[in-house]
Amino acid sequence: MAQKMTKDQWHTFLSEGTRTGKLATVRADGSPHLAPVWFLMDGDELVFNTGKETVKGRNLARDGRVALCVDDERPPFSFVVVHGTAELSEDLAAVRHWAARIAARYMGEDRAEEYGARNGVPGELLVRVRIDKAVAVADLAD
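No experiment lies behind these values; they were computed from the predicted model shown.

What counts and what doesn't
Residues numbered from 1 in each chain as written. Predicted model: local features only at pLDDT ≥ 70, side-chain atom pairs only at ≥ 80, totals over all residues. Heavy atoms only, no water. Helix = DSSP H or I, 4+ residues; strand = E, 2+ residues; numbered from the N terminus. Rg over C-alpha atoms; globule rule 2.2 N^0.38 Å. Buried < 20%, exposed > 50% of the residue type's maximum accessible area, 1.4 Å probe, protein only. Contact = heavy atoms within 4.5 Å. Areas by Shrake-Rupley, 256 points an atom, 1.4 Å probe, with all protein chains shown as cover. Lys, Arg positive; Asp, Glu negative; His and termini not counted. Charge placed at Lys NZ, Arg CZ, Asp CG, Glu CD. Core = buried A, V, L, I, M, F, W, Y, C linked by side-chain atoms within 4.5 Å. Pairing = 2+ DSSP bridges. Phe/Tyr/Trp six-rings, centres within 6.5 Å; stacked < 30°, edge-to-face > 60°. UniProt positions renumbered as here; feature names shortened; annotations may be inferred.

Asker: Explain the overall build of the protein chain to me, and be specific about the residues and the numbers.
Answerer: Of the regular secondary structure elements, the protein chain holds 4 helices and 8 strands. Seen in sequence order, the protein chain has helices and strands lined up from the N terminus as β-α-β-β-β-β-α-β-β-α-α-β. The globule rule puts the C-alpha radius of gyration for 142 residues at 14 Å, and the 15 Å found for the protein chain is close to it. Taken over the C-alpha atoms alone, the protein chain extends approximately 50 × 40 × 20 Å along its principal axes. Counting the 142 residues in the protein chain, one finds 43% classified as buried. Contacts in the protein chain between residues far apart in sequence, at least 24 positions, make up 73% of those at least 6 positions apart. Of the roughly 7600 Å² of accessible surface on the protein chain, a fraction of 52% belongs to carbon and sulfur atoms. Mean positive and mean negative side-chain charge positions of the protein chain (19 and 22 charges, respectively) differ by 4 Å.

Right, dumping it as structure tokens:
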């Protein structure tokens, strides 16, 4: 039977494996924009990188409201949707640091510095999302 996850459970769920987040931002006309992102949890904040001139980068600079969905598509199926507010930083040392840490999760430690160097450059942003709300359900099909 489906069960609501505790905070510790959904933190663990968001931190496991290489699931890609589906990030929703708000376009200038109020419509949603959805894009996949690699991310990490840093304490109670969700962290990812994006280009300053991407649709999501421009949307976040104008309106920091976000929602992010992460799901497990294998039975018995589970998901977490977080809502929050993004803060942007162009500090190159921080951008590069987090780009490398995120790459270590998704590409492996042996390629982390390569991706950190590639993605930790001027024009890239570090995005920190302060999570205000989470909806998290495990074992939907049980």
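Continuing now.
Asker: Quick one: what's the story with the nonpolar core, residue by residue and with numbers?
Answerer: Counting 30 residues, the largest nonpolar core has Trp10, Leu14, Leu46, Phe48, Val80 and Val82 as its most contacted members. Every element with two or more residues in this core is listed here: α1 (7-15), β4 (40-42), β5 (45-51), β6 (65-72), β7 (78-89), α3 (92-107) and β8 (124-138). The element contributing the most residues to this core is β8, with 7 residues. With residues near it in sequence (within four places) discarded, Phe48 still touches Leu23, Val37, Trp38, Phe39, Leu60, Ile102, Leu125, Leu126, Val127 and Val129.

Asker: Now, about the pairing of strand β3 (residues 32-37): what can you tell me, with residues and values included?
Answerer: Here β3 shows a buried face lined by His33, Ala35 and Val37 and an unburied face lined by Pro32, Leu34 and Pro36. For strand β2 (residues 21-26) and β3, the ladder comprises 6 bridges, and the chain directions are antiparallel. Looking at β3, one finds that Thr25 is bridged to His33. Linking two consecutive strands that pair antiparallel, namely β2 and β3, is a turn of 5 residues; a positive phi of about 90° is found at Gly30 within it.

Asker: Before we move on, can you summarise the packing of aromatic side chains with the specific residues and values?
Answerer: We describe a pair of aromatic rings using the distance from one ring centre to the other and the angle between the two ring planes. Evaluated as defined, the whole model comprises 2 aromatic pairs. Judged by centre distance (4.9 Å) and plane angle (5°), the rings of Trp38 and Tyr106 are stacked. Taken as a pair, Trp38 in the loop between β3 and β4 and Tyr106 in helix α3 lie far apart in primary sequence, 68 residues in all. According to the relative accessible area criterion, Trp38 is partly exposed, its value standing at 32%.

Asker: I'd like to hear about the UniProt feature "domain: Pyridoxamine 5'-phosphate oxidase N-terminal" (unreviewed entry) in the protein chain, residue by residue, with values.
Answerer: Sites flagged by UniProt as "domain: Pyridoxamine 5'-phosphate oxidase N-terminal" (unreviewed entry) map to residues 8-133. Taken end to end, residues 8-133 has its terminal C-alpha atoms 14 Å apart, with 34% of it in helix and 41% in strand.

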